[in-house]
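Observations on the three-dimensional arrangement
Spelled out, the chains give:
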Amino acid sequence: MTELDHGIEPHAPGHAERLNWLRAGVLGANDGIVSVAALVVGVAAATSDSAAILIAGVAALLAGAISMALGEYVSVSSQRDTERALIAKERWELANVPEQELAELADMYQAKGLSAETARRVADELTAHDALAAHLEVELHIGTEELSNPWHAAFASALAFTVGAILPLLAALLPPPAWRLPATFLAVTVALVITGWLSSYLGDSPRGRAIARVLIGGLLALGVTWAIGGLIGTAV
């Protein structure tokens, strides 16, 4: 293992949480790409009216961004409330039954493979340094300074969705009517390849499989809405 390889390992505090936010951002952008592109492709297949495409696309962008933001806010708020309740419970236990908590901490380190003597010594030293932090890390895998922020999550999700949605919206509006659908399919294909590659990079998973997953799903959604839009446009 090279020094550079070792440097990207998640030793820094909060690294896993930042990685999760990056993954959430990529997924939010992917949602924006697929949902808005599918809608504008369906409308464009039914009509060449630029105003109708613009209205549908902007409405989908705003509705999707707001929905993503609200969903993340509610979800992360619930997670933070749970984390705060667990921290308060741990504080109470340390204040009222410290010996039991110390024994529990030693038992957990012993379960990780330390000898009973070493586990007790580690538990004693960590408790003397910061008992609450020691228990939160080992028992709950959270830190008092790393609680999730629902506002950050809401803003990041809305922004990621918006960034992803803008590309197919512009691709459906800027070219001449005859080129709108091909341009949108091409733009979405490129964008999905990028988000698929990013998701596989962040998750350290096979690139081809991740790209194929998002590409097939996204293009399938576009194909379905394009076919439905064409049928409705012909009937009307």
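Residues numbered from 1 in each chain as written. Predicted model: local features only at pLDDT ≥ 70, side-chain atom pairs only at ≥ 80, totals over all residues. Heavy atoms only, no water.

Quick look at the packing of aromatic side chains
All chains considered together, the criterion is met by two aromatic pairs. Each ring, one from Tyr73 and one from Trp151, has its centre 4.8 Å from the other, and the planes form 55°; the classification is tilted. Taken as a pair, Tyr73 in helix α3 (residues 50-96) and Trp151 in helix α6 (residues 150-173) lie far apart in primary sequence, 78 residues in all. Judged by its relative accessible area of 29%, Tyr73 falls in the partly exposed class. (Phe/Tyr/Trp six-rings, centres within 6.5 Å; stacked < 30°, edge-to-face > 60°. Helix = DSSP H or I, 4+ residues; strand = E, 2+ residues; numbered from the N terminus. Buried < 20%, exposed > 50% of the residue type's maximum accessible area, 1.4 Å probe, protein only.)

What about the nonpolar core?
Of all hydrophobic cores here, the largest spans 16 residues; its most connected members are Val36, Val40, Ile53, Phe161 and Ala165. Contributions of two or more residues to this core are made by α2 (15-46), α3 and α6. Among the nonpolar cores identified, the runner-up in size contains ten residues, and Ile33, Ala38, Ala191 and Leu222 belong to it. (Core = buried A, V, L, I, M, F, W, Y, C linked by side-chain atoms within 4.5 Å.)

So, the UniProt feature "transmembrane region" (unreviewed entry) in the chain
Mapped onto the present numbering, the UniProt feature "transmembrane region" (unreviewed entry) falls on residues 21-45, 51-70, 153-173, 179-198 and 210-232. With 100% helix and 0% strand, residues 51-70 has end C-alpha atoms that lie 28 Å from one another. Each end of residues 210-232 is marked by a C-alpha atom, and these two atoms are 34 Å apart; helix forms 100% of the span and strand 0%. (UniProt positions renumbered as here; feature names shortened; annotations may be inferred.)

A word on the side chain of His135
Within the secondary structure layout, His135 lies in helix α5 (residues 116-140). Within polar-contact distance, the side chain of His135 engages the side chain of Glu139 at 2.7 Å. Beyond its immediate stretch of four places on either side in the chain, His135 contacts Glu90, Leu94, Glu101, Glu104, Leu105 and Leu140. (Polar contact = N/O pair within 3.5 Å; in protein donor to acceptor, adjacent residues only side chain to side chain. Contact = heavy atoms within 4.5 Å.)

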